[in-house]
Amino acid sequence: MESAADRRNGAVPPGANAPAASIVAPPADTVALDALFRDSNIGETLDRLDRELVGLAPVKRRIREIAAFLLVSRAREQIGLSTGAPGLHMCFTGNPGTGKTTVAMRMAALLHGMGYLRKGHLVSVTRDDLVGQYIGHTAPKTKEVLKKAMGGVLFIDEAYYLYRPENERDYGQEAIEILLQVMENQRDDLVVILAGYKDRMEAFFRSNPGMSSRIAHHVDFPDYDDEELFAIAALMLDSMHYRLSASAQDALHEYVALRRAQPHFANARSMRNALDRARLRHAKRLFEERETPLSRDALMTIEAEDIRASRVFASAGEPQ
Amino acid sequence: MRITQGTFSFLPDLTDEEIRAQIEYALSQGWACAVEYTDDPHPRNTFWEMWGPPLFDLKDAAGVLVEVVACRAAQPESYVKVTAFDSTLGFETTRLSFIVQRPPAEAGFALDRIEGAGRSQRYAMRRKDADGKRR
């Protein structure tokens, strides 16, 4: 697959047809973008992203764009074309279970590989970890979290809960102000990624324009379609050393379609929960037949009945 | 008089980059750093004021340096040190401690002779101000 990064690799040293070549630089000042790309080890991280995450095509494209941009910034820096440190704070929007946390972890590894983060760890927090319960409690709490995240990524899940317009004495505002200050002044030390539902995130940015203007990259995570969810489930099972019998595969296909129509559908997370319950039923079934010796195959294979016992099928049969 | 206590105190003062490298080393060993300050650098004064709680679970020196900078700004006339605490079983103590700020004019110490019981002589260290005046 040809990626943005690969395309740009071909464009430097100065080619004739690429827009990057319009930068007037003496030929002696060429920089080997390809070597930079190889040294940073991000090729492997990007490939793993493609391989291990199902679907998410727009997200992967954005990440490749960001990676290419950062790599080119590095190259520009090396020939002395200063642009100032690129803004790295990001906002991931999408429904639950669309892979925001997973991608944030990969992003941390990516930024670490390119030398934009010194450690590349991920600290995942929510409102509770940042906002205190009484006056004077919020600032130390927020600062402590920020210090733990330094050198890595601070991932704030459901960031819009920080701002509660209905309560003017809410301490969330204080946490936001400290966050903004650090996001602005210590851009080399940490990257902040905000995550949450798209519409609520937009409302949050409307009421906190300071936050919005400090976030360079907005990435939207689409919902998975049925085939992608099935592929995710298959990947999860594979990593847990289970497999589906042929009839169980059909059952799971049906399950995905039915589950989507039900409330509290959380994409990949719903699939994980469904598989966990199927594994429970699988274990129960084997336990009830414990007199017969078990083959390796029986221990590994999830049958259709393990999936069809789900209440998703039961309620689907009922008249609406 | 130049106070020499803690690690590196016979060397020239550490630069911020050197301080960062030392903190990185401490964190890489799994030690928790803390910032402390005092206006009384007497060698027997082991209880320096704590600048906030110890910093646990940090991954990067930047978090400690933030506190060092804040402490220096708030206490420009004090000694400031960074200590690194090792919580592993068998140590459970400070493994590294070094000064990161000295006041512009350092105090000195004078040796006092004290008459003890009988004809015995005892000695005590007494703090002197920078101009040599006894306090």
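Above this text you will find the structure in question.
Residues numbered from 1 in each chain as written. Chains lettered and ligands numbered in written order. Predicted model: local features only at pLDDT ≥ 70, side-chain atom pairs only at ≥ 80, totals over all residues. Heavy atoms only, no water.

Chemist: Where do I start with the sheet that holds strand E1 (residues 32–38) of chain B in this structure?
Modeler: Strand pairing in a sheet is mediated by backbone hydrogen bonds. Such pairs are either parallel or antiparallel. Residue and element names in this part refer to chain B. With respect to topology, 4 strands assemble into an open sheet ordered E2-E1-E3-E4, the strand pairing being antiparallel. One side of each edge strand has no neighbouring strand; the edge strands of this open sheet are strand E2 (49–50) and strand E4 (93–101). In this sheet, E4 lies alongside strand E3 (residues 79–86) in antiparallel orientation, the contact comprising 7 bridges. Its bridge partner lying in E4, valine 82 is registered against phenylalanine 98. Strand contacts of helix H1 (residues 16–28): E1, E3 and E4, with the helix running at about 165 degrees to E4, the strand carrying the most contacts. Lying on the sheet, helix H2 (residues 62–74) is in contact with E1, E3 and E4; it crosses E1 at an angle near 5 degrees. (Pairing = 2+ DSSP bridges. Helix = DSSP H or I, 4+ residues; strand = E, 2+ residues; numbered from the N terminus. Contact = heavy atoms within 4.5 Å. Axes fitted to C-alpha atoms, helices over the stretch in contact; angles between N-to-C directions.)

Chemist: I would appreciate a short explanation of the packing of aromatic side chains in the present structure.
Modeler: Given two aromatic rings, one states the distance between the centres and the angle between the planes to describe the pair. If you walk through the whole model with that rule in mind, you get 7 aromatic pairs over all chains. Taking 6.0 Å as the distance between ring centres and 50 degrees as the angle between the ring planes, the aromatic pair formed by Tyr255(A) and Phe313(A) counts as tilted. Of the two residues, Tyr255(A) sits in helix H12 (residues 246–261) while Phe313(A) sits in helix H16 (residues 311–317), which places them 58 residues apart along the sequence. Accessibility classification places Tyr255(A) together with Phe313(A) in one group, the buried group. Summarising the aromatic geometry, the rings of Tyr37(B) and Trp51(B) are spaced 6.1 Å apart at their centres and angled 70 degrees between planes, so their arrangement reads as edge-to-face. With Tyr37(B) in strand E1 and Trp51(B) in the loop between E2 and H2, the pair connects residues that are 14 residues apart, well separated along the chain. Residue classification places Tyr37(B) among the buried positions, given a relative accessible area of 16%. Since its relative accessible area comes to 22%, Trp51(B) is described here as partly exposed. Positioned above the aromatic ring of Phe287(A) is the side chain of Arg290(A), whose terminal nitrogen or guanidinium carbon lies 4.4 Å from the ring centre. (Phe/Tyr/Trp six-rings, centres within 6.5 Å; stacked < 30°, edge-to-face > 60°. Buried < 20%, exposed > 50% of the residue type's maximum accessible area, 1.4 Å probe, protein only. Lys NZ or Arg CZ within 6 Å of the ring centre and 35° of its normal.)

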